[in-house]
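# Overview (structure and organization)
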Amino acid sequence: MAAGAASASIRASDMEKLSLEQLRSLKEQSDLEVNLLQDSLTKIRTAAGRLEVAAAALHDLSFRPQGKKLLVPLTASLYVPGTLDDSEKVLVDVGTGYFIEKTMAEGKDYCERKLSLLKSNHDELTDMATKKKHIADEAGIVLQGKLRQTSTST
């Protein structure tokens, strides 16, 4: 992480002092980091979408009367018929196959807290990706300038 923090603070004036190979390396590293951050952002958006769907399902479930017949999802495309036994208790998937029984209010609160955490992480990663993209762009510009200089001087 120290190398990432060091490269985040590099300026164009500092880039002018780097060799062509160092500039190429900096640009490649920055581009790679941007791609990794973009992948992470995509995963966060996917997780947030799932949580929003879960929160909406909890909200919908809270209005259903006890004994109501409904379809229970086993997978994304497989549903089985079921009967609502107790709409005040829900199972919350906390990851890696673990479920915790919570009240409806606790389940909604869990979804809200997780969404808030994901939004915070998304905002931080977006800022980081923007900075890394700026560094990669600057390194590319400086690299092109140096390549032009060397080609005109030969």
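Residues numbered from 1 in each chain as written. Predicted model: local features only at pLDDT ≥ 70, side-chain atom pairs only at ≥ 80, totals over all residues. Heavy atoms only, no water.

The protein chain carries the name (wild Malaysian banana) hypothetical protein in an unreviewed UniProt entry, which gives Musa acuminata subsp. malaccensis as its organism. The UniProt entry for the protein chain carries the following comment under Sequence similarities (unreviewed entry): "Belongs to the prefoldin subunit alpha family." (UniProt positions renumbered as here; feature names shortened; annotations may be inferred.)

## Some remarks on the overall build of the protein chain
Check the secondary structure of the protein chain and you find four helices and four strands. Expected size for 154 residues packed as a compact globule is a radius of gyration near 15 Å; at 25 Å, the protein chain overshoots this value by more than 25%. Each principal axis of the C-alpha atoms in the protein chain carries an extent, and together these give about 85 × 25 × 25 Å. Counting every position in the protein chain, which comprises 154 residues, the buried fraction comes to 23%. Counting only contacts in the protein chain whose residues sit at least 6 apart along the sequence, the fraction spanning at least 24 positions is 57%. When the accessible area of the protein chain is evaluated, it comes to approximately 10800 Å², of which 58% is carbon and sulfur surface. (Helix = DSSP H or I, 4+ residues; strand = E, 2+ residues; numbered from the N terminus. Rg over C-alpha atoms; globule rule 2.2 N^0.38 Å. Buried < 20%, exposed > 50% of the residue type's maximum accessible area, 1.4 Å probe, protein only. Contact = heavy atoms within 4.5 Å. Areas by Shrake-Rupley, 256 points an atom, 1.4 Å probe, with all protein chains shown as cover.)

## Regarding the pattern of salt bridges
On inspection of all chains with the given rule, the structure shows eight salt bridges. A salt bridge links Glu101 to Lys89; its shortest N-O distance comes to 4.0 Å. Of the two residues, Glu101 is situated in strand β4 (residues 98-103) and Lys89 in strand β3 (residues 89-95); the sequence distance between them amounts to 12 residues. (Salt bridge = Lys/Arg side-chain N within 4 Å of Asp/Glu carboxyl O.)

## Re the packing of helix α3 (residues 20-62) against helix α4 (residues 104-153)
Axis separation between α3 and α4 bottoms out at 7 Å; the angle between their running directions is 160 degrees. As the angle between them shows, α3 and α4 are arranged roughly antiparallel. Classified by chirality, the crossing of α4 by α3 is left-handed. Along the lines of polarity and charge, the residues of the contact of α3 with α4 split into 27 nonpolar, 11 polar and 11 charged. (Axes fitted to C-alpha atoms, helices over the stretch in contact; angles between N-to-C directions. Parallel < 35°, antiparallel > 145°, perpendicular 65-115°, else oblique. Left-handed = near helix turned anticlockwise from the far one by under 90°. Nonpolar A, V, L, I, M, F, W, Y, C, P; charged D, E, K, R; others polar.)

## Remarks on a nonpolar patch on the surface
Side chains of Val72, Leu74 and Leu78 sit close together on the surface and give an oily, nonpolar patch of about 250 Å² of accessible area. Take Val72: it is sitting in strand β1 (residues 69-73). (Patch = residues over 30% accessible without salt bridge, like charges linked within 9 Å, V, L, I, M, F, W, Y side chains within 5 Å.)

## Notes on the pairing of strand β2 (residues 79-83)
Of the strand pairs in this sheet, β1 and β2 are connected by five bridges, and their pairing is antiparallel. By the bridge assignment for β2, Lys69 is matched with Thr83. Two successive antiparallel strands, β1 and β2, enclose a turn made up of five residues. (Pairing = 2+ DSSP bridges.)

## A look at the layout of surface pockets
Estimated volume of the largest pocket: approximately 1500 Å³. Lining the largest pocket are 41 residues, with Ala54, Ala57, Leu58, Pro73 and Leu91 positioned closest to its centre. With 11 residues, α3 is the largest single contributor of residues to the lining of the largest pocket. Looking at the lining of the largest pocket residue by residue, the class counts come to 24 nonpolar, eight polar and nine charged. (1 Å grid on protein atoms, 1.4 Å probe; cavity = no way out; pocket = protein on both sides within 12 Å on 5 of 7 lines; lining within 4 Å. Points joined across faces, edges and corners; volume = space filled by probe spheres on them.)

## Overview of the environment of Glu33
Tracing the backbone through its elements, the reader meets Glu33 in helix α3. For the pair formed by Glu33 and Ser19, sequence separation is 14 residues and the distance between their alpha carbons is 21 Å. Polar contacts involving the side chain of Glu33 include one to the side chain of Lys132, which spans 2.7 Å. (Polar contact = N/O pair within 3.5 Å; in protein donor to acceptor, adjacent residues only side chain to side chain.)

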